[in-house]
Amino acid sequence: MDEPDFRRAISRFATGVTVVTARTGDRTYGMTLSAMTSLSLEPPSLLVCINRRVPTEQAVASSGKFVVNVLADYQERIARRFARPASDKFDGVDIEFSRTGIPVLKGTVASFECTVRERLAGGTHSIFVGHVDSARFNDRLPLVYHAAGFGDFNARTGRTAAEGQVGSDQFASFGATPAEGLAGVGAFFSS
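You'll find the protein chain entered in an unreviewed UniProt entry as Flavin reductase family protein, with Amycolatopsis echigonensis given as the organism. The record held by UniProt for the protein chain lists under Sequence similarities (unreviewed entry) the comment "Belongs to the non-flavoprotein flavin reductase family."

Novice: Any chance you could explain the nonpolar core here in plain terms?
Specialist: When a protein is soluble and globular, its nonpolar side chains tend to lie buried together. If you look at the biggest cluster of nonpolar residues, it comprises 16 residues, and the most contacted ones within it are Val20, Leu46, Val48, Ile50 and Phe66. For this core, the secondary structure elements donating two or more residues are strand 2 (18-24), strand 3 (27-33), strand 5 (45-51), helix 2 (55-63), strand 6 (65-70) and strand 10 (125-137). Apart from residues lying up to four places away in sequence, Val20 is in contact with Tyr29, Gly30, Met31, Leu33, Val48, Ile50, Thr56, Phe66, Val67 and Val68. One finds Val17, Leu71, Phe90 and Leu143 within the second-largest nonpolar core, a separate group that totals ten residues.

Novice: Looking at this structure, how should I read the environment of Ser11?
Specialist: Note that Ser11 resides in the loop between helix 1 (3-10) and strand 1 (15-16). Among residues more than four places away in sequence, those in contact with Ser11 are His146, Ala147 and Ala148.

Novice: Got a minute to help me understand the pairing of strand 5 in this structure?
Specialist: For a regular strand, side-chain orientation follows a simple rule: the groups alternate between the two sheet faces. In terms of residue burial, strand 5 counts as a mostly covered element, since six of its seven residues are buried. Strand direction decides the pairing type here: strand 4 (residues 36-40) and strand 5, joined by four bridges, are antiparallel. Paired with Ser38 across the bridge in strand 5 is Leu46. The pairing of strand 5 with strand 10 spans seven bridges and is classified as antiparallel. Counterpart to Asn51 in the pairing with strand 10 is His125.

Novice: Would you mind going over the pairing of strand 6 with me for this structure?
Specialist: Strand 6 sits mainly inside the fold: five of its six residues count as buried. Where strand 2 and strand 6 come together, four bridges link them in antiparallel fashion. Its bridge partner lying in strand 6, Val19 is registered against Asn69. The sheet contact formed by strand 6 and strand 9 (residues 110-122) spans six bridges and is antiparallel. Residue pairing for strand 9: Val67 is matched across the bridge by Glu113.

Novice: Is there a simple way to think about the pattern of salt bridges in this case?
Specialist: Opposite charge on two side chains lets them pair, provided their charged atoms get close. Under the definition given, this model contains six salt bridges. The partner of Arg8 in a salt bridge is Asp5, with the nearest N and O atoms 2.3 Å apart. One end of the pair is Arg8 and the other is Asp5, both in helix 1 and three residues apart, which spans about a single turn. Judged by its relative accessible area of 48%, Arg8 is partly exposed. A salt bridge links Lys106 to Asp94; the shortest N-O distance between them is 3.9 Å. With Lys106 in the loop between strand 8 (103-105) and strand 9 and Asp94 in the loop between helix 3 (76-82) and strand 7 (95-97), this residue pair connects regions lying twelve residues apart in the sequence.

Novice: Help me understand the environment of Val60, please; the structure alone is not making it clear to me.
Specialist: Positionally, Val60 belongs in helix 2. Once the C-alpha coordinates of Val60 and Val20 are considered, the two residues, 40 residues apart in sequence, prove to be 9.2 Å apart.

Novice: What's the story with the sheet that holds strand 11 (residues 144-146) in this structure? I'm lost.
Specialist: What the three strands build is an open sheet, ordered 1-11-12; its pairing is antiparallel. A strand with exactly one partner marks an edge of an open sheet, and here the two such strands are strand 1 and strand 12 (149-151). With three bridges connecting them, strand 11 and strand 12 associate as antiparallel partners. Note on strand 12: the bridge partner recorded for His146 is Gly149.

Novice: Help me out: how do you make sense of the side chain of Thr21 in this one?
Specialist: Mapped onto the fold, Thr21 is located in strand 2. From its side chain, Thr21 meets the backbone oxygen of Pro103 in a polar contact 2.6 Å long.

Novice: Can you walk me through the environment of Gly151 in this structure?
Specialist: Relative to the assigned elements, Gly151 resides in strand 12. Expressed as a C-alpha distance, the spacing of Gly151 and Gly16, which sit 135 residues apart in the sequence, is 9.7 Å. The residues touching Gly151, leaving out its near neighbours within four places in the chain, are Pro142, Leu143 and Val144.

Reading guide: rules and limits
Residues numbered from 1 in each chain as written. Predicted model: local features only at pLDDT ≥ 70, side-chain atom pairs only at ≥ 80, totals over all residues. Heavy atoms only, no water. UniProt positions renumbered as here; feature names shortened; annotations may be inferred. Core = buried A, V, L, I, M, F, W, Y, C linked by side-chain atoms within 4.5 Å. Buried < 20%, exposed > 50% of the residue type's maximum accessible area, 1.4 Å probe, protein only. Helix = DSSP H or I, 4+ residues; strand = E, 2+ residues; numbered from the N terminus. Contact = heavy atoms within 4.5 Å. Pairing = 2+ DSSP bridges. Salt bridge = Lys/Arg side-chain N within 4 Å of Asp/Glu carboxyl O. Polar contact = N/O pair within 3.5 Å; in protein donor to acceptor, adjacent residues only side chain to side chain.

Structure, rendered in structure tokens:
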């Protein structure tokens, strides 16, 4: 299969949009990424696939730590900003720092602070298996990427971003009721 056909076909797979951040010394790194997936609940793990030619890959490899920030439906501007080379991608972006000093974007759907457990080669990319040390989440709607464009995820939930409410059936997959887990912004768990 040739690359253009593969690229067009794989773009039909809708994904969430993340920004992976890392830090080495005093320098921060970040890039927009859709190649992220959960891997295991025991231990809590996820994986990200990062092109070996980008500085963020080198930062994750050398520091052994990274944060996956799952973007909310209104954060397309941030997705576009971190998708392009820039001298300071974080300039003007609302962030805080994880306990290990890695930038965490504010206002996201979720963030996962990870320690690299394994690095594998996958074609032009490195596949980083990360142990999830801590995570934050809330009830915002995610930004979605499909067919080379951004969108939102309103069809299945039957609500709009303006409504800002998640029904109790959306909490079942997290094993919690609204009062126990996702009510309010920034619910937090750690392992």
